[in-house]
Amino acid sequence: MPILKSENLKSFYILDIYGKKHVIQAVNGVSLEVEESEIYGIAGESGCGKSTLVRVLYGMIEPPLSLIDGNVFYKRNGEFISIFTLPEEELRKLRWEFISYIPQGSMNILNPVIKIIDSFWDFIGAHISKDEKEKMEHSLFEFFKMLGLPSKTLYAYPHQLSGGMRQRVIVALATFLNPKIIIADEPTTALDVVAQRGVIQLLKSIQSFLNNTIILVTHDMGVHATISDRIGIMYAGNIIEEAKTEEIYEDPLHPYTQYLIKSLPKIGDKSYKVSVPGTPPSLANPPSGCKFHPRCNYAMEECKLYVPKFVEVKPKHKVACFLYSKEVDS
Amino acid sequence: MNFVRRYLIPRLISYFLVIFVGITIVFIVPRLSPIDPVQQMINTITTMGTYMDPQAIEKLTETLKDLYGLRGSLWQQYLNFLGRFIKGDFGPSFFRFPVPVSKLIADSLPWTVGLLSVSTFLSWLIGNILGGICGFFYQKKWARFLENTAMVIRPIPYYIFALILLLIFGYFLKILPIAGGFSIGTTPSFSLRFIADLVKYALLPLLSMMTLGIAVTLQSMRLIVQNILREDFIVFAKAGGVKNRTLLFKYVIRNAMLPQITGLALSMGQIFGGALITEIVFSYPGMGTLLYNAINTGDYNLIMGITAISIVGIATFILIIDLLYPLFDPRIRYR
């Protein structure tokens, strides 16, 4: 059963530069379904719209980003609600309790002039009543202990913590109210490999303990291989392939995914790795038809004219490529 | 203990160093000028037509050298000057001979400090609040309106603005006095009547300085707030559903205040120099008027006295803010 789904989601950045309108098609018709208590990975190169997609899924649409078409549904208490028709206050309440967000690690992710514990109460306190807050004070320390964080970090200022520590505090902050869905937008990108492992393991252990759904965005295929259950590959604002993790690694169908998987180093394999020819397409002026056709070895005439439909070609394996299905996306 | 050794002492040292260097420059600069104040004074007297025999001139020169602190070698003069500075003695004024400079400054200082500290602080406070709100709600129409108003007001030179106010309220409407610090004939006292009189006279200078001060602070605060709104922690707090009130005051304003607090310290220090043009336009009996007269009459002792007071004022305020800063920004603590 899906807990979050999007239908033909289109969200563009509309920039007005010296009176000339620039439209950047960051998310261009994404339809996806995320199952309950799975870890759904989104992978893709820089600038393909991964971060924008999860922002839209989270309902964080602020100018210059605007929603053009489509809808996002959350399943709450057994029924789907469309988040764009919700009043702002309702959406605010939904956040952290039902769905939470872990941003990319950076220096300034927490208010630098207040203690961690004050940040905690600002975030948590906005979603619970005063009485509940008093009861939670104790469980906060328990929670920190459970996550292996010393409780004195609560009384530190953000600048006194290391990057990995800070990111773990963020993970704790985003999961404390036990949300059903956690959206993690490159949670490990700014960290060194050891700290990365700590954060990933923390996320994984929280997920297996609390049984929440995680949408994980990263371009690091190693991270995906470690924890994602299912992976969606994004290219130029669209999801072009989606399958179980093993399936993606063992039998990639889309030529772009094939390049991606072939580029991964393997122990003992010293062969030369071929990268995708050409450069990533501009989202302000994307190619016609299948957006990958200028870089694709198998490009056919129809690829230049029509957009392939995102269809299931094998059980639970969807791909948008004319090599596998001739269906055209309208 | 750590705080004293690593924070307090270095700052105290730099405080005294700044004052020392400043005072030394105050001592050196007039001595680089080709004008000999003693000769100038004698010239003034002789051009008035007074006949003086050479012996009298000799005597006068000696006395004047004493008064100007010009006796002895440069080094001796410097030591004497430092010694007198510590005692707060800058010698007699020349344009109001023989009143000592310190007495003149003591008379003018309360006027200036009273007027300027109120206007500086209030315009800083109001400007920051308005600017903070303007920056936070930058998409709202009224915020744009407020911002544009500030943009129109800010480039007006404040003497023009002061003159316009003076014309409207003092000349056409005749509801506020045109010049002075208090009504002629009243004696300064702590009565309610005198205070009301003071406020009435201070209103126009206050208004002219505050309107422009608010516009300047508003614009800078709005810019800082807009930059802070793009910071990661604001985006994250918004994503976390932190309430708007908390977000505005605890997240945006508190962070945006940090550079503004430094700005307040700097402008508070500058009040000891007086608001030259405003005080002249409104004939306000403050440091600005005093400095103007001192420069006009070439009164070296007075100029040096006022400059020294300004240096001490600015350095002291910076020291105070430096010591208070760790309270506002935890990142500054112990380092």
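Structure first, text after, so check above.
Conventions adopted
Residues numbered from 1 in each chain as written. Chains lettered and ligands numbered in written order. Predicted model: local features only at pLDDT ≥ 70, side-chain atom pairs only at ≥ 80, totals over all residues. Heavy atoms only, no water. Disulfide = S-S within 2.5 Å. Salt bridge = Lys/Arg side-chain N within 4 Å of Asp/Glu carboxyl O. Helix = DSSP H or I, 4+ residues; strand = E, 2+ residues; numbered from the N terminus. Buried < 20%, exposed > 50% of the residue type's maximum accessible area, 1.4 Å probe, protein only. Axes fitted to C-alpha atoms, helices over the stretch in contact; angles between N-to-C directions. Parallel < 35°, antiparallel > 145°, perpendicular 65-115°, else oblique. Left-handed = near helix turned anticlockwise from the far one by under 90°. Contact = heavy atoms within 4.5 Å. Nonpolar A, V, L, I, M, F, W, Y, C, P; charged D, E, K, R; others polar. Phe/Tyr/Trp six-rings, centres within 6.5 Å; stacked < 30°, edge-to-face > 60°. Lys NZ or Arg CZ within 6 Å of the ring centre and 35° of its normal.

Trainee: For the state of the cysteines, give the residues involved together with the corresponding values.
Mentor: A full pass over the atoms with the stated rule returns 0 disulfides over all chains. Free cysteine Cys-290 of chain A: the closest other cysteine sulfur is in Cys-303 of chain A, separated by 5.8 Å.

Trainee: Tell me about the pattern of salt bridges, and name the residues and values.
Mentor: Taken as a whole, this structure holds 15 salt bridges over all chains when the rule is applied. Taking the shortest distance from any N to any O, the salt bridge between Glu-62 of chain A and Lys-238 of chain B comes out at 3.5 Å. Here Lys-238 of chain B lies in helix α9 (residues 232-239) and Glu-62 of chain A lies in the loop between α1 (50-58) and β4 (65-76), a pairing that spans two chains. Using a relative accessible area of 44% as the deciding quantity, one classes Glu-62 of chain A as partly exposed. Each of Glu-38, Arg-230 and Glu-242 of chain A takes part in one network of salt bridges that share partners.

Trainee: Describe the packing of helix α8 (residues 192-229) of chain B against helix α10 (residues 244-270) of chain B, with residues and values.
Mentor: Each pair of packed helices can be described by the angle between their axes along with the distance between the axes. Residue and element names in this part refer to chain B. At their nearest, the axes of α8 and α10 sit 9 Å apart, and the two run at 125 degrees to each other. Between α8 and α10, the crossing angle belongs to the class labelled oblique. In terms of crossing hand, the pair formed by α8 and α10 is right-handed. On the side of α8, the interface is formed by Thr-217, Ser-220, Met-221, Ile-224, Val-225, Ile-228 and Leu-229, while α10 contributes Tyr-251, Val-252, Ile-253, Asn-255, Ala-256, Met-257, Pro-259 and Gln-260. A per-class count over the contact of α8 with α10 returns 11 nonpolar, 4 polar and no charged.

Trainee: Explain the packing of aromatic side chains to me, using residue names and the numbers behind them.
Mentor: Residues and elements named next belong to chain A. Enumeration over the complete set of coordinates arrives at 23 aromatic pairs over all chains. Seen from their ring centres, Tyr-235 and Tyr-256 are 4.6 Å apart, and the 55 degrees between their planes marks the pair as tilted. Residue Tyr-235 is located in strand β9 (residues 230-235), and its partner Tyr-256 is located in helix α9 (residues 255-262); the two are separated by 21 residues in the primary sequence. We note that Tyr-235, like Tyr-256, is buried. Three or more aromatic residues joined by ring pairs form one cluster here, namely Phe-120, Phe-143, Phe-144 and Phe-176. A cation over an aromatic ring shows up here: Lys-5 above the ring of Phe-73, its NZ or CZ 5.7 Å from the ring centre. Residue placement shows Lys-262 over the ring face of Tyr-259; its charged tip is 5.5 Å from the ring centre.

Geometry only, nothing functional implied.
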